[in-house]
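Chain by chain, the residues run as shown.
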Amino acid sequence: MNSANRMIDFYAEAITHLTGASIVNIACCQSGRVECYSTIGEQCVPLLPEFDPSRPDIYLPNLKDNQKLIFSDLKNKLTSIFKGQEDNSILIHLNFKEGDELFLETDDKKLTNDKQTNHLKKADKRTNSLWLGLIFTRQLPAWLSKGSLKEIEHSDRQFFPLLESLLNLGYLLVNHLKNTATLLQDPVTSLSSRISFQNNLRELIESASQVAMIMINLANFQIINKKFGHDVGDRVITKIANILTQTLRKQDLISRFGGTLFAIAFRFKPNDDITDVANKLYFELQQLEYLQGAFLPQFKLGASVINVASQSDGISDYMTELITKADQALHAAKTENQTNIVIWHPQLHLKYQQQQDYISGIFTADTTTDYRNMSLLWDISNLVSTYNQFDILFDKVIQRFAQSFDFDMGGLVFNKTDNEQSMVIHLKVDEQGRAYRLQQLDSYDDKLLLTTLQSSQNVQPQYLTVNETEALFVAPFNEHDKGVFYLRGTTANFNLESTSLLLLTALVKQLGRAYTREILKQKLNLQLFNQKEQLQAELNLLKQTLNSSEILYHSKVMQDLMKQAYRSAKSDTTTLIIGESGTGKERLVHAIHQKGNRSDRPLVIVDCGAIPETLIESELFGYVKGAFTGAERNSKGRIFDADGGTLMLDEIGELPLRVQAKLLRFVQEKQYTPVGGTQSNQVDVKIIAVTNRDLQHEVNQGRFRQDLFYRLNVVVLQPPPLRERIEDIPLLAKHFLKKSAVLHDESPKTLLPDTLDKMMQYTWPGNIRELENCLIQATLLCESSHIEFSELGINQQESSIRSSQTLMSNCINTSLPEQAYVDLEKNDYSVVEQHENFLKQFNLTMAQFVREIVQQSKSENSPIGRWLEDDLLIMTYHASQKNTHQVAMRLGLPHSTARRRANKISSEKEQYREKGWQHVIETLGPIVNGDFFLGNDTIKKLKLELLQIVLHEMNGNITLSAALMGMSEPTFYKWKKKLVS
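Residues numbered from 1 in each chain as written. Predicted model: local features only at pLDDT ≥ 70, side-chain atom pairs only at ≥ 80, totals over all residues. Heavy atoms only, no water.

## Looking at the overall build of the protein
Part 1: From N to C terminus, the protein includes 35 helices and 25 strands.
Part 2: Buried positions account for 46% of the 981 residues belonging to the protein.
Part 3: If you take every contact in the protein between residues at least 6 apart in sequence, the share linking residues at least 24 apart comes to 69%.
Part 4: Approximately 52400 Å² of the protein is accessible, and the part contributed by carbon and sulfur atoms is 48%. (Helix = DSSP H or I, 4+ residues; strand = E, 2+ residues; numbered from the N terminus. Buried < 20%, exposed > 50% of the residue type's maximum accessible area, 1.4 Å probe, protein only. Contact = heavy atoms within 4.5 Å. Areas by Shrake-Rupley, 256 points an atom, 1.4 Å probe, with all protein chains shown as cover.)

## A word on the packing of helix α18 (residues 613-621) against helix α20 (residues 657-669)
Part 1: Look at α18 against α20: their axes get within 10 Å of each other, and the N-to-C directions meet at 15°. As judged from the angle between their axes, α18 and α20 are roughly parallel. As for the relative orientation of α18 and α20, their crossing is left-handed in sense. Where α18 approaches α20, its residues Glu-613, Thr-614, Ile-616, Glu-617, Leu-620 and Phe-621 are matched on the opposing element by Arg-658, Val-659, Lys-662, Leu-663 and Phe-666.
Part 2: Among the residues making up the contact of α18 with α20, the classes are represented as six nonpolar, one polar and four charged. (Axes fitted to C-alpha atoms, helices over the stretch in contact; angles between N-to-C directions. Parallel < 35°, antiparallel > 145°, perpendicular 65-115°, else oblique. Left-handed = near helix turned anticlockwise from the far one by under 90°. Nonpolar A, V, L, I, M, F, W, Y, C, P; charged D, E, K, R; others polar.)

## Some words on the sheet that holds strand β17 (residues 575-578)
Part 1: With parallel pairing, the five strands of this open sheet are ordered in space as β18-β19-β22-β17-β23. Where the open sheet ends on each side, the last strands, each with one partner, are β18 (603-607) and β23 (715-717). Within this sheet the neighbouring strands show an average axis-to-axis angle of 20°, counted without direction.
Part 2: The sheet contact formed by β17 and strand β22 (residues 686-691) spans four bridges and is parallel. Note on β22: the bridge partner recorded for Leu-576 is Ala-689.
Part 3: Set on the sheet, helix α16 (residues 556-569) makes contact with β17, β22 and β23; between it and β23 the angle comes to about 145°. (Pairing = 2+ DSSP bridges.)

## Topic: the packing of aromatic side chains
Part 1: Tallied over the full model, the rule gives 16 aromatic pairs.
Part 2: For the pair Phe-390 and Phe-394, a centre-to-centre distance of 5.8 Å together with 45° between the ring planes defines the contact as tilted. Remark: Phe-394 and Phe-390 occur in helix α13 (residues 390-404); sequence separation between them is four residues, near one turn of the helix.
Part 3: Taken together, a centroid distance of 5.3 Å and an interplanar angle of 55° make the contact between Phe-849 and Trp-917 tilted. Here Phe-849, found in helix α27 (residues 831-855), pairs with Trp-917, found in helix α31 (residues 917-923); they are 68 residues apart in sequence, far enough to count as distant. Neither Phe-849 nor Trp-917 differs from the other in exposure class; each is buried.
Part 4: Each member of the aromatic cluster is reached from another via a ring pair, and the members are Phe-390, Phe-394, Phe-401, Phe-477, Phe-485 and Tyr-515. (Phe/Tyr/Trp six-rings, centres within 6.5 Å; stacked < 30°, edge-to-face > 60°.)

## Examining the pairing of strand β4 (residues 89-95)
Part 1: Burial of β4 is extensive: seven of the seven residues sit out of reach of the surface.
Part 2: In terms of strand pairing, strand β3 (residues 80-83) meets β4 through four bridges, oriented antiparallel. In the sheet register, Phe-82 faces β4, and the bridge partner there is Leu-91.
Part 3: Linking two consecutive strands that pair antiparallel, namely β3 and β4, is a turn of five residues; a positive phi of about 55° is found at Asn-88 within it.
Part 4: By the bridge criterion, seven bridges tie β4 to strand β5 (residues 129-135) in an arrangement that is antiparallel. Each bridged residue has a counterpart across the sheet, and for Leu-94 the counterpart in β5 is Leu-130.

## What to know about α16
Part 1: The terminal C-alpha atoms of α16 lie 20 Å apart, and with 14 residues this matches the ideal 20 Å at 1.5 Å per residue to within 8%.
Part 2: Within the sequence span of α16, burial applies to Met-558, Leu-561, Met-562, Ala-565, Ser-568 and Ala-569. What you see down the axis of α16 is that its buried residues fit within an arc of 115°, all on one side. Turned more than 90 degrees off the buried face of α16, the exposed positions are Lys-556, Lys-563 and Arg-567.
Part 3: Buried residues along α16 sit against β17, α17 (585-595), β22 and β23. (Expected span 1.5 Å × (residues − 1). Arc of directions from axis to C-beta.)

## A closer look at the nonpolar core
Part 1: Core analysis: the largest hydrophobic core is formed by 45 residues, its most contacted members being Met-846, Ile-864, Trp-917, Leu-924 and Leu-942.
Part 2: When neighbours within four sequence positions are excluded, Met-846 is seen to be in contact with Ile-864, Leu-868, Trp-917, Val-920, Leu-946 and Ile-949.
Part 3: The next biggest cluster of nonpolar side chains, apart from the first, holds 34 residues, and it includes Leu-376, Ile-425, Leu-504 and Val-508. (Core = buried A, V, L, I, M, F, W, Y, C linked by side-chain atoms within 4.5 Å.)

## Considering unusual backbone geometry
Part 1: Phi angles above zero are rare outside glycine, and Glu-651 is one such case at about 55°.
Part 2: Note on placement: Glu-651 falls in the loop between β19 (646-650) and α20.

## Side note on the pairing of β17
On a regular strand, one side chain projects to one face of the sheet and the next to the other, so that they alternate.
Part 1: Of the two faces of β17, the one lined by Thr-575 and Ile-577 and the one lined by Leu-576 and Ile-578 are each fully buried.
Part 2: Bridge count between β17 and β23: three bridges; the pairing is parallel. Following the sheet pairing, Thr-575 is matched in β23 by Val-715.

## Quick word on the side chain of Ser-618
Part 1: Summarising the element assignment, Ser-618 is placed in helix α18.
Part 2: Within polar-contact distance, the side chain of Ser-618 engages the backbone oxygen of Leu-615 at 3.0 Å.
Part 3: In this structure Ser-618 touches Tyr-623 and Val-675, once residues within four positions along its chain are discounted. (Polar contact = N/O pair within 3.5 Å; in protein donor to acceptor, adjacent residues only side chain to side chain.)

## A short note on the sheet that holds strand β9 (residues 299-307)
Part 1: One open sheet holds the five strands; their spatial order is β7-β8-β6-β9-β10, and the pairing between them is mixed. The sheet terminates laterally at β7 (253-258) and β10 (341-343), the two strands that pair on one side only. For this sheet, the mean inter-axis angle between neighbouring strands, taken without regard to orientation, is 20°.
Part 2: Helix-sheet contacts for helix α6 (residues 194-207) involve β6 (210-218), β7 and β8 (261-267), and the interaxial angle to β7 is about 145°.

## Quick notes on the confidence of the model for the protein
Part 1: With 80% of its residues at a pLDDT of 70 or more, the protein has an overall mean of 78.
Part 2: Between residues 98-126, whose pLDDT stays under 50, and residues either more than four places distant or in other chains, the model counts 24 contacts.
Part 3: A low-confidence stretch, residues 797-830 stays under pLDDT 50, and its non-local contacts, those more than four residues away or across chains, total 50 contacts. (pLDDT = per-residue confidence, 0-100.)

## What to know about the environment of Leu-737
Part 1: Tracing the backbone shows Leu-737 in helix α23 (residues 729-743).
Part 2: Considered as a pair, Leu-737 and Thr-779 are 42 residues apart in the sequence and their alpha carbons are 7.4 Å apart.
Part 3: With residues near it in sequence (within four places) discarded, Leu-737 still touches Pro-748, Lys-749, Thr-750, Leu-751, Leu-775, Thr-779 and Ile-787.

## Thoughts on the environment of Glu-791
Part 1: By the element assignment, Glu-791 lies in the loop between β25 (786-787) and α26 (796-801).
Part 2: Residue classification places Glu-791 among the partly exposed residues on the basis of a relative accessible area of 24%.
Part 3: Separated by 10 residues in sequence, Glu-791 and Leu-781 have C-alpha atoms that sit 7.4 Å apart.
Part 4: Ignoring any residue separated from it by four or fewer positions in sequence, one finds Glu-791 in contact with Gln-777, Ala-778, Cys-782 and His-786.
Part 5: Here Glu-788 takes part through its backbone nitrogen, which lies 3.0 Å from a polar atom of the side chain of Glu-791.

## A short note on the pattern of salt bridges
Part 1: A full pass over the atoms with the stated rule returns 27 salt bridges.
Part 2: The residue Arg-598 makes a salt bridge to Asp-572 at a minimum N-O spacing of 3.2 Å. On the criterion of sequence distance, the pair formed by Arg-598 in the loop between α17 and β18 and Asp-572 in the loop between α16 and β17 is long-range, its members being 26 residues apart.
Part 3: The buried category is assigned to Arg-598, whose relative accessible area is 6%.
Part 4: Residues participating in the shared-partner salt-bridge network are Glu-654, Arg-693, Glu-698 and Arg-703. (Salt bridge = Lys/Arg side-chain N within 4 Å of Asp/Glu carboxyl O.)

## A short note on a positive patch on the surface
Part 1: A cluster of like positive charges, contributed by Lys-940, Lys-974, Lys-977 and Lys-978, occupies part of the molecular surface.
Part 2: Per-element tally for the positive patch: the top contributor is helix α35 (residues 969-980), with three residues.
Part 3: For Lys-940, the location among the structural elements is in helix α33 (residues 938-954). (Patch = residues over 30% accessible without salt bridge, like charges linked within 9 Å, V, L, I, M, F, W, Y side chains within 5 Å. Lys, Arg positive; Asp, Glu negative; His and termini not counted. Charge placed at Lys NZ, Arg CZ, Asp CG, Glu CD.)

## What to know about the environment of Arg-235
Part 1: Here Arg-235 shows up in helix α8 (residues 230-247).
Part 2: Looking at Arg-235, the relative accessible area reads 53%, which means it is exposed.
Part 3: The spatial distance from the C-alpha of Arg-235 to the C-alpha of Thr-189 is 9.0 Å, given a sequence separation of 46 residues.

## Quick notes on the side chain of Thr-583
Part 1: When you line up the elements, Thr-583 lands in the loop between β17 and α17.
Part 2: A distance of 2.8 Å separates a polar atom in the side chain of Thr-583 from the backbone oxygen of Glu-580.
Part 3: Thr-583 has contacts with Pro-719, Pro-720, Pro-721, Asn-767 and Ile-768, leaving out every residue within four places of it along the chain.

Written as structure tokens, this is what we have:
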């Protein structure tokens, strides 16, 4: 009997003592519904006819106030006392009137307006009441034997207020119990909650010899939520609950465990067949139409039956056994596609015990135990997620276990058969509940326990008594049966029920998974470390192969060249290296640098041909802050970076004439002045100039300064083309084949003799670079270990008709012509002057155009800022033959930005431009054609110049100024802040 029923029965007993009735029926009427709560008396009799809903003619809500009234002059809340259908029976009706605040249900309702409040009060006046049915087996009491209150003695009249107060208390009691029961129900289906179900299941097991349970799950329910939404899903769940309620008996227990998982428990008789019951339920659930046929359900059922041999064995153990078996049967039904109904059998326990729902061990229907289990689960989960180091985690977990369970020692023992290093952990728990590690076990019993655990195989979770005084909990530590976890305590203090055993087993498995993760992490880290070491070794070998400055040669001409190079390396004399492309000029520079006395200092390479003409001066010499638009900070330049080391000026023949003049002073005095600066900087560098041009011819053509050529022409080194050192081809070919094998991780290939002969007859216009590329191509395409000449990718017909003429003469004349000097001083103006002249012309033209727009009142429809951005970008795009790399370089934009903007503008419809805009566009010609570089983000710089003009012309009119800039007012304010900063 649960506590709610006991409270009602106590109340009914109080009524019998007060009224002298032998039998009492109690019913509470709310919102037109009558619920009977109790029948108590001297003998078991059915309800009074008035309490029977099958008798609508005399059912309680249909009784008239003037029907068989005993006291027509009763004026208080006890409005009606009727004579019942049975002999010596009466009905007492207590009606709660409007305005009686004690009985209005306003505590748990949030009323939104006065209209709702009045509506509820009217409903309470009409429907909220309490009914008592009294049967007197002896004569009626004195207070009922009279026909009027006037005939009742004064002492008996005091009885009515007392009875009224007791009835008031009864209404509050049954109403409270009803609300409490509602809270314990599932909010969607109104079925018993999991806790209520377990309470009722406990009572069922206490009174039955056999109990059956069926778990039902709608396997494909997620389709409903995804396709139709949660509201429709709730309606389907409610329909399932209604079907179960209508199909089963009133005394059967039904609960919704969560989601679409339902549990049914009932008293099982020896002649019953659990399979028939499960099949009937499955048929009733499956045959109905759901969502008008739009959804085809797939129900899965798992059933189990247990024998309750003795109640002294522990009701909780029987509950856990019943739920566990039903859960395993349901799991089998869901995983085995061949069947929808599974009845539990012993093989299921062995097969599905690892997939058991361990969370069920938390809920025991005992509030204190449930709170302990939930708290323990929460704390252990936090520990596992917080501590990555297993030793610390394990100690923390044992310490937390000790707060919930009274044991003396706990630990972890790995089996002797494990491949891992043997590990044993023991923690002792002192009297204050603090856990500390034991370095070794001293007592004989402890050593015997250790030996037993180490030799154990296939340990199952269990709680057992070692002897009369000691109890032990053991469980496998992880899913691979490696290691045994144990807790040991006294039998007097360390007691585990089945639910606690279930929960501890689950937590130990989580701890085992944490250990497995750490072991895997350690193995992964070791593997990554070894891979890193291997990759580093391979990288070092590759770097050594690729970056070696060793120059391979046998030929006499190369021997003479290298002797000159090594002599040049020992001095700081400026060196000029002239040779065809691909002859190894840069490799020769590296050799000179490494053989010289500056090998521990930087080697800075400046590719003069790859840097735009407008940037080369600032790239070489640096610049000071504010030297030109975009110079937001000082830049030291590449010459400064080479201080103390070697400066290689590659493709020096590509330098613009105006930069050659400034370079002349640097080569002569080793001093330079940054762009926009006033102070000279002194550096100590060895200069090596490299070119594939005939500088003498360039001087004669006026493209290279004679005086600069004279300064560079001190030590001249001329690497010979490959056709003049054919005896080095076999050595070079062998080196490149080996290098290619290392790069592609394969064995080196060899050249056939005929192939090598033809290679030595070929002129190799691309020199060593062509030779290397041909051999790499042949290595990749050749399927055999020997390379034929045809696999080198050389056109033999072209090879036979090529002349021995080269892009340069075999011997470059390095003498100076008598009349080759070109006076360029009058054209030599600085980058700063270029910036100033461009911006001056741009501002004058733009200011005139803006002024005309303002005078014609066209500001609102002339987004000049947007025109400037779009037209500058699209004109540069077309001027560079739609090469977005060139657009990015000329406008100082990231390549991705330039490409995206160009594509966007090209796809848009051409917009109208006001008259006079063409003059502005003409001033942008140097930028569009790549003749002038304004700096990084050229568009931003020009829009800031435009912003200054707009602010001056508009006299503070923000709205029109923003319109002219083609932006919103908030954006305009941001740009204005940029201008100020």
